[in-house]
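Fold and geometry: a report
This is what each chain is made of:
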Amino acid sequence: MKEFNILLLPGDGIGPEVTAQAELVLQHIAEIHKFNLRLKHGLIGGAAIDEHNDPCPQETLAVAEESDGILLGAVGGPKWDGLPLNERPEKGLLRIRSELGFFANYRPAKVYASLANASPLRSELTKDVDILILRELTGGLYFGEPRGRDTSADAVEDTFAYNTLRYSRKEIERLVTLAFTAAKQRDNRLCSVDKANVLETSVLWREVVNELAKDHPEVTVSHLYVDNAAMQLVRAPASFDVIVTENLFGDILSDLAAQLVGSIGILPSASLRKDSKGLYEPVHGSAPDIAGKNQANPLAAILSAAMMLRYSLQLDEAADHIEAAVTKTLDSGIRSADLLDQDGDSNKQPIGCKELAEAVINNL
Ligand code: IPM
Ligand code: MG
């Protein structure tokens, strides 16, 4: 029997609730498809700060490096909001991404037919949406040095703060190469998003995309400035196939894409490097307002687990199986609170986190 080591990092807020449900789904799918999962639990984010005074303990990084796949819930919450940036829960997430080298963040956003009315946009605009955002995850403004705040000035109004936006050709090349591969497995269209009318890093980004395009003549390449891309994503979202972009732009556009499919509660993601190891996490955050109330949507975590089976464990059939069970569950009309129709389907009672996951498991 095939065996895999999986590390679960539930984190904070709704993270533990949604990863617990994804864990149940994994246990069921392993039984059905006859493979063995050795599941370990670890600490990250606020949970790790509380225990070890460190949002990303060495122990977590060491176990993660030995695991075949890592499933993370979410990090952050009001409890740790007062901490300096360097000590916050988010730093834990940024460190595991960067120290383990997960530079390629895949964020698919595909509309489910049965959720056509969940988006605030008209369904005729969103019904054919099937976008893959490939976000650079270990460079750019998030990690550029120097960064900080200068407090040496005598007058308070002279204080300044700074971050560095820096990209090397190599960083761009390795991501964009994967974007061409992804486009070829989809509809052969690649849109690179930058701000090349203002930023040097974007000029380099665009150069690299155009150079690599020569090796992939079958892929139609376009470039959009990020402000225009935001507008086009709302105006004509179905016109996009693969979007490749830098770290911060990808962060912003993937939240926008969440509203095209109806809710950020169903968006999974995979962060990969050159080997098959990966970090899988919902695109949503820790949602402290609904934490512990059994109201969270577990689908993004469950779908992230499916991505883990596909990309890190090469268990395509098992991944397809989970995704089909999710589709079937949504087709049956079951909804968590975040998925209720925008046009106010007042008769519908939302279902809880556990109950939604149970329905998925029943459909497996
Ligand atoms: C995301 C999140 C994170 C990010 C935060 C929590 C650091 O917004 O995964 O999109 O900005 O990358
Ligand atoms: Mg984000």
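Each residue is numbered by its place in its chain's sequence as written, counting from 1. Chains and ligands are labelled by the order in which they are written, letters from A for the one and numbers from 1 for the other. Two thresholds apply to this predicted model, a pLDDT of at least 70 for residue-level local features and 80 or more for giving and counting side-chain atom pairs, whereas whole-chain, interface and lining totals are computed over all residues. To obtain the side-chain values, all non-hydrogen atoms of the structure were included, while hydrogens and water were left out.

Observations regarding the layout of surface pockets
Here a cavity denotes a set of grid points, spaced 1 Å apart and computed over the protein atoms alone, in which a 1.4 Å probe fits but from which it cannot get out, and a pocket denotes an open set meeting protein on both sides within 12 Å along at least five of seven lines; residues with an atom within 4 Å of a point are reported as lining. Grid points are joined across faces, edges and corners, and a volume is the space filled by probe spheres set on the points. Considered as a void within the structure, the largest pocket measures approximately 820 Å³ in volume. In terms of lining residues, the largest pocket is bounded by 29 residues, among which Pro108, Leu132, Met307, Arg310 and Tyr311 are the most central. Broken down by secondary-structure element, the contributors of at least two residues to the lining of the largest pocket are β4 (104-110), β5 (130-136), α6 (169-185), α10 (299-311) and α11 (316-331). All amino acids are sorted into three groups, where Ala, Val, Leu, Ile, Met, Phe, Trp, Tyr, Cys and Pro are nonpolar, Asp, Glu, Lys and Arg are charged, and the leftover types, Gly among them, are polar. Looking at the lining of the largest pocket residue by residue, the class counts come to 17 nonpolar, 4 polar and 8 charged. Residues from two domains meet in the lining of the largest pocket; each of domain 1 (1-106 + 262-364) and domain 2 (120-260) gives at least three. Each pocket or cavity is described by its volume, and for the second largest pocket that value is around 330 Å³. Contributing to the lining of the second largest pocket are 20 residues, with Leu93, Arg97, Val283, His284 and Gly285 lying nearest its centre. Top contributing element to the lining of the second largest pocket by residue count: helix α4 (residues 89-99), with 4 residues. Its residues assigned to classes, the lining of the second largest pocket comprises 9 nonpolar, 4 polar and 7 charged. Note on conventions: DSSP H or I runs of at least 4 residues are helices, E runs of at least 2 residues are strands, and numbering of each starts at the N terminus. Segment limits for the domains were obtained from an automatic or database-derived domain assignment.

Observations concerning the site of ligand 1
Any residue with a heavy atom lying within 4 Å of a molecule or strand is counted as near it. Taken together, Glu90, Arg97, Arg107, Arg135, Tyr142 and Asp251 are the residues near ligand 1. Arginine 135 is positioned such that a nitrogen or oxygen atom in its side chain is 2.9 Å from an oxygen atom of ligand 1. Under the rule applied, a polar contact is a pair of N or O atoms within 3.5 Å (in protein, one hydrogen donor and one hydrogen acceptor; residues adjacent in sequence only if both atoms are side-chain atoms). Here an oxygen atom of ligand 1 sits 2.9 Å away from a polar atom, N or O, in the side chain of aspartate 251. When isolated, ligand 1 has an accessible area of 320 Å², and the protein chains bury 78% of it. In this description, a molecule resides in a pocket or cavity if more than half of its atoms sit within 2 Å of the grid points defining it. Cavity membership is defined here by more than half of the atoms lying within 2 Å of grid points; on that basis ligand 1 lies in the second largest pocket. Taken together, the residues of the shell around ligand 1 break down into 1 nonpolar, no polar and 5 charged. A 1.4 Å probe and the Shrake-Rupley method give the accessible areas. Residues count as covered only by the protein chains that appear here.

Some points on the packing of helix α3 (residues 58-66) against α4
Only C-alpha atoms enter the line fits that serve as axes; for helices the fit covers just the stretch in contact. Angles between N-to-C directions range over 0 to 180 degrees. Closest axis-to-axis distance for the α3/α4 pair is 11 Å, and the angle between their directions is 40 degrees. By the criterion of interaxial angle, the relationship of α3 to α4 is oblique. At the point where α3 passes α4, the crossing takes the right-handed sense. Across the interface between the two elements, Gln58, Leu61 and Ala64 from α3 touch Arg95, Ile96 and Glu99 from α4. For the contact of α3 with α4, the residue count by class is 3 nonpolar, 1 polar and 2 charged. Angle categories: roughly parallel below 35 degrees, roughly antiparallel above 145, roughly perpendicular from 65 to 115, and oblique for all the rest. Should the near helix be turned anticlockwise from the far one by less than a right angle, the crossing is termed left-handed; should it be turned clockwise, right-handed. A contact between two residues is defined here by any heavy atoms of the two lying within 4.5 Å.

Section: the environment of threonine 126
As for its placement among the helices and strands, threonine 126 is situated in helix α5 (residues 123-126). When the C-alpha positions of threonine 126 and alanine 104 are compared, they lie 26 Å apart, and in sequence the two are 22 residues distant. In contact with threonine 126, other than residues within four places in its own chain, are Val111, Ala116, Ser119, Leu121 and Leu260.

Details of the domain arrangement of the chain
According to the domain assignment, the chain consists of domain 1 (1-106 + 262-364) and domain 2 (120-260). A straight line from the C-alpha centre of domain 1 to that of domain 2 covers 24 Å. Accessible area, probed at 1.4 Å, shrinks when two parts are joined; the buried area is that loss added up over both. Counting each side, the surface lost to burial between domain 1 and domain 2 is near 1600 Å², with a carbon and sulfur contribution of 65%. It is Phe103, Asn105 and Tyr106 in domain 1 that bury the most area against domain 2; as a group they hold 40% of the surface buried on that side. Salt bridge, as used here: a side-chain nitrogen of Lys or Arg that lies within 4 Å of a carboxyl oxygen of Asp or Glu. Put simply, domain 1 and domain 2 have 0 salt bridges between them. Run the count over domain 1 and domain 2 and you get 4 residue pairs in polar contact (both at pLDDT 80 or more). At the level of elements, α4 and β4 are the ones that each hand at least two residues to the side of domain 1 that touches domain 2. The dominant element in the side of domain 1 that touches domain 2, judged by the number of residues it contributes, is α4, at 4 residues. Looking at side-chain class alone, the side of domain 1 that touches domain 2 contains 8 nonpolar, 7 polar and 3 charged residues.

Remarks on the sheet that holds strand β3 (residues 69-74)
Strands are labelled as partners when DSSP assigns at least two bridges between them. Here we have 10 strands laid out as an open sheet, ordered β2-β1-β3-β12-β11-β4-β5-β10-β8-β9, and mixed in their pairing. Both edges of this open sheet fall to β2 (36-41) and β9 (220-225), since each of them pairs with a single strand only. For this sheet, the mean inter-axis angle between neighbouring strands, taken without regard to orientation, is 25 degrees. Pairing of strand β11 (residues 270-272) with strand β12 (residues 278-280), which is carried by 3 bridges, proceeds in the antiparallel orientation. In the strand pairing of β12, serine 271 is matched with leucine 279. Packed onto the sheet, α3 meets β1 (3-11), β2 and β3 and runs at close to 145 degrees relative to β1.

Quick word on the pattern of salt bridges
Throughout the structure, instances matching the rule amount to 24 salt bridges. Among the salt bridges present, the one from arginine 186 reaches aspartate 130, with a minimum N-O distance of 3.4 Å. Of this pair, arginine 186 sits in the loop between α6 and β8 (189-194) while aspartate 130 sits in strand β5; the two residues are 56 residues apart in sequence, bridging distant segments of the chain. Relative accessibility decides the category of a residue: with a 1.4 Å probe and only protein chains considered, values under 20% of the type maximum give buried, values over 50% give exposed, and everything between is partly exposed. Owing to a relative accessible area of 29%, aspartate 130 belongs among the partly exposed residues under this scheme. Put simply, Lys110, Asp130, Arg186 and Asp241 are held in one network by salt bridges that share partners.

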